[in-house]
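Spelled out, the chains give:
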Amino acid sequence: MPNVRPSRTKKRTLTFAALGLAPALLAGGLVVGGSDILNSDVGLAADSSYVLDGHGHGHGRGLGQWGAYGYAKQGWSADRILRHYYSNTTAGKVGTASEVTVSLSEKSSVSVHAAAGSRVGGQTVAPGQAVSLSGGNATITQGCGGAVVKTVPATQVDPINTAPNRPANEFLTFCSSGDKYRGSIGTAGGKVINKLHVDDYVKGVIPKESVPSWADTGGFEALKAQAVAARSYVLSGLQSGRAMDNTQSSQMYHGASGEDPRTSRAADATAGQIRLLAGKPALTEFSASTGGYTAGGLFPAVEDKGDALSPTHNWKAEVSAGSIASAFGVGSLKSFEVIEANGLGAGSGRVVKVRVVGTARTVEASGNDARVKLQLKSDWFSIQGQKSMPKIVKPLVAPPAAGGGLLDLGPIGDVLNQVIPGLSALGSPDLESITAQLRPIIEQIIAQGTAALGLKADSLKGLVSEQQSDNSQGSTGTVSAPQLITDGRGMHGLVQVLQNGVLYFSPLTGAHALFGDALTEFLNGGGLAKLGFPTVDGLR
């Protein structure tokens, strides 16, 4: 769930070291360290306390809102922000099932009107008339609480036009509170519900889950990223059978009354855009501040340098022994220690497990349980004065971004999924499972590119010789093995230098050759850094 509002190209050789597949990763992960608790027969005084050094605010999974803002101020696009935090997802568009249903937890009854009129039970409701729902019937009245005009069987009131992005005079407005909503208002299972297009829904989410004023200070791309995350999250939840409401347990949502023009622009700018995992909308969780490293889980952990400007990037908390003992029900507290952590970032990283020893019993609990029970800002904390080192249990960590040494599949994920079916399924939190999938896929990418370059070279032998018989550039002899390279647009592929030309390959463009003047013009025009991988052959 969401949590707490908030160059030049580089050549790389074709080795698994260059691809970032370090032996530790291939072996299935790193687990080091340990913790030995020295139990004392004497309990701590209830008023004694522990001082915790912490980082971040919220669960830390997926997108960090303050980090996204920081990256946006550095010039990152929304797409780049999303690919960073949700590195195992691909870009997608909403399907035909674009309507969402959200329960309005604070509403207990329906009595609504709209300046442009509405529709209920096949009847047109005129401007100035209101509709109340009760017991499977809709009562149309002259204004809110006025004389009854008609009663018809119905459990839902529709706007005069159910299309998305309609004008304000068509919004359904609650008689009692004045709260306005896009889409339809109805009742189901004893709850008041709002049915509307997902793009309309997102407009009511972003200003409550993020900070609209970021648009005024260089953070508009962060708001766009938030819109895509909010859209993906609700669609994923509903498709998996989850009941979505308008609270923090799903996503904060206050309908049209809670909208802000700046965040509505972000929603419109990303209309229909979502993130996909294994071909389905991804449950794109987000939290206010990661503290500098995301938590991992469904999405691999990543460093979050954008979070440096978060007001909760670093924090301290003092928790009494009595509070800890009471929260975990252990009697009088003897000791409280972090015994497992993920080893990412400052200190030992996020807490994986704590051990609470009391006079009545000993409890081991997750870092998230400790966060909730002790009302901490996050599960990333260390205990001042703890002498034992926690065991380090690292989650799956995403490879570095483009230019960092490993193939960044984000920009071409959709294309690669056609070339290598199942690529978007990379996302299993099980390290051994992900490693087993990752290695053969990378090998297959390399093999495919190498084979394509070989076929291209063979096909050029006679053609180049014939076309270039008047000079010395007829040979296609290989000078170097294919090398992995990244163009200026973030696309990755292979380059092979020949005696008198260059072969280029990417999964998006295929294999193409440049010789003679065509190669000179390409390089003078900026080459891969500016023009990207060639899309046609140039043999003269």
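Residues numbered from 1 in each chain as written. Predicted model: local features only at pLDDT ≥ 70, side-chain atom pairs only at ≥ 80, totals over all residues. Heavy atoms only, no water.

1. Comments concerning helix 3 (residues 78-85)
- Taking burial as the measure, the eight residues of helix 3 include six buried ones, the bulk of the element.
- Every buried residue belonging to helix 3 is among Ala 78, Ile 81, Leu 82, Arg 83, His 84 and Tyr 85, and all of these are buried.
- For helix 3, the elements touching its buried residues are strand 4 (63-64), helix 2 (65-73), helix 5 (220-239) and strand 18 (273-277). (Buried < 20%, exposed > 50% of the residue type's maximum accessible area, 1.4 Å probe, protein only. Helix = DSSP H or I, 4+ residues; strand = E, 2+ residues; numbered from the N terminus. Contact = heavy atoms within 4.5 Å.)

2. Here we look at helix 11 (residues 516-524)
- Taken as a whole, helix 11 has its buried residues at Gly 516, Ala 518, Leu 519 and Phe 522. Mapping the buried residues of helix 11 onto a view down its axis gives an arc of 165 degrees, with all of them on the same face. Exposed and facing more than 90 degrees away from the buried side of helix 11 are Asp 517, Glu 521 and Asn 524.
- In the core, the buried residues of helix 11 are packed alongside strand 29 (501-506), strand 30 (510-515) and helix 12 (527-531).
- Gly 526 sits one or two positions beyond helix 11 and adopts a positive phi of about 115 degrees. (Arc of directions from axis to C-beta.)

3. Some thoughts on the sheet that holds strand 11 (residues 137-141)
- Overall, antiparallel pairing links the six strands, which are arranged 12-11-10-7-14-15 in an open sheet. For this open sheet the edge positions go to strand 12 (148-153) and strand 15 (180-181), each flanked by a neighbour on one side alone.
- Judged from the five bridges that link them, strand 11 and strand 12 form a sheet pairing that is antiparallel. Along strand 12, the bridge assignment pairs Thr 139 with Thr 151. (Pairing = 2+ DSSP bridges.)

4. Digging into the confidence of the model for the protein chain
- In this model, the protein chain carries a mean pLDDT of 82, and residues with pLDDT of at least 70 account for 78%.
- Note that pLDDT drops below 50 for residues 402-438; the model gives that stretch 83 contacts with residues more than four away or on any other chain.
- Below a pLDDT of 50 lies the segment residues 464-476, which in the model reaches 25 contacts outside its immediate sequence neighbourhood of four places, other chains included. (pLDDT = per-residue confidence, 0-100.)

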